[in-house]
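# Chains, contacts and geometry: an overview
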Amino acid sequence: KQEVTQIPAALSVPEGENLVLNCSFTDSAIYNLQWFRQDPGKGLTSLLLIQSSQREQTSGRLNASLDKSSGRSTLYIAASQPGDSATYLCAVTSNTGKLIFGQGTTLQVKP
Amino acid sequence: EAGVAQSPRYKIIEKRQSVAFWCNPISGHATLYWYQQILGQGPKLLIQFQNNGVVDDSQLPKDRFSAERLKGVDSTLKIQPAKLEDSAVYLCASSVGQGAEKLFFGSGTQLSVL
């Protein structure tokens, strides 16, 4: 059974810092991995999608990496801003198309 | 392009009452998902539709939860009767096709069962 774990559960950093969020999964047989952002009281917004054959994806200040063999992904946020404060969720898509989420990392960027 | 629409935004009911949630996916999206997100946890898939057929409902508590997507467009999720542990945010999402695609989420319905 696929399990997705995110560490840390919460993170607080001063504005301008670079930071890394971690995601691990137990079954390496995945189709892709996605990182989502969730603001309080809102739905999820897809940030980056990495196919199983890819190693990383970049969008602006965000960079996500995938190491399928070790069951790990990281989301790197450069030059963090208060507007980056949110919960970040990673999710893996199994080969049967099922999307399984981690519990999320709640990020606070202090001005 | 309009996003995924959900209603109501909030609902407060007493245990043993019934409640229904509505979702209208993005136009043209064949796949619709209902997720349950308990506070502090990641979303858990309840049911996935491909057009008007059920693809996966393995985690739907079928003794009290039901969902339908009769015309392959909008969908309703019902809980009858509700329990305290059903308090959660119910998220609807849609995608163009099935499986490994980008999902678009609605804002969710926050349910409180007292």
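Computed from a predicted model, the values in this text were never measured in an experiment.

Should the sulfur atoms of two cysteines be covalently bonded, the bond is a disulfide. Going through the model one piece at a time under the given rule, you end up with 2 disulfides over all chains. Disulfide pairing is shown between A:Cys23 and A:Cys90; the S-S distance is 1.8 Å. Separated by 67 residues along the polypeptide, A:Cys23 in strand E3 (residues 19–25) and A:Cys90 in strand E9 (residues 86–94) bring together distant segments of the chain. On the basis of relative accessibility, which here comes to 0%, the residue A:Cys90 falls in the buried class. Here B:Cys23 connects covalently by a disulfide to B:Cys92, the sulfurs 1.9 Å from one another. Given an S-S torsion of about -65°, the disulfide between B:Cys23 and B:Cys92 has left-handed geometry. Placement of B:Cys23 in strand E3 (residues 19–24) and of B:Cys92 in strand E9 (residues 88–95) is noted, with a sequence separation of 69 residues between them. A relative accessible area of 0% places B:Cys23 in the buried class. Note on B:Cys92: relative accessible area 0%, which makes it buried.

Moving on: the pattern of salt bridges. Any two side chains of opposite charge can pair, on the condition that their charged atoms come close. Residue and element names in this part refer to chain B. With the rule as written, the count across this model stands at 5 salt bridges over all chains. For Asp57, the salt bridge is made with Lys62, and the minimal N-O distance between the two is 3.7 Å. By relative accessible area, which is 25% here, Asp57 ends up partly exposed. Across the pair Arg64 and Asp86 runs a salt bridge whose closest N-O atoms are separated by 2.5 Å. Remark: Asp86 occurs in the loop between strand E8 (75–79) and E9 and Arg64 occurs in the loop between strand E6 (53–56) and strand E7 (65–68); sequence separation between them is 22 residues. We classify Asp86 as buried; its relative accessible area is 2%.

Rules used in this analysis
- Residues numbered from 1 in each chain as written.
- Chains lettered and ligands numbered in written order.
- Predicted model: local features only at pLDDT ≥ 70, side-chain atom pairs only at ≥ 80, totals over all residues.
- Heavy atoms only, no water.
- Disulfide = S-S within 2.5 Å.
- Helix = DSSP H or I, 4+ residues; strand = E, 2+ residues; numbered from the N terminus.
- Buried < 20%, exposed > 50% of the residue type's maximum accessible area, 1.4 Å probe, protein only.
- Salt bridge = Lys/Arg side-chain N within 4 Å of Asp/Glu carboxyl O.

Everything listed is a geometric property; what it means functionally is a separate question.
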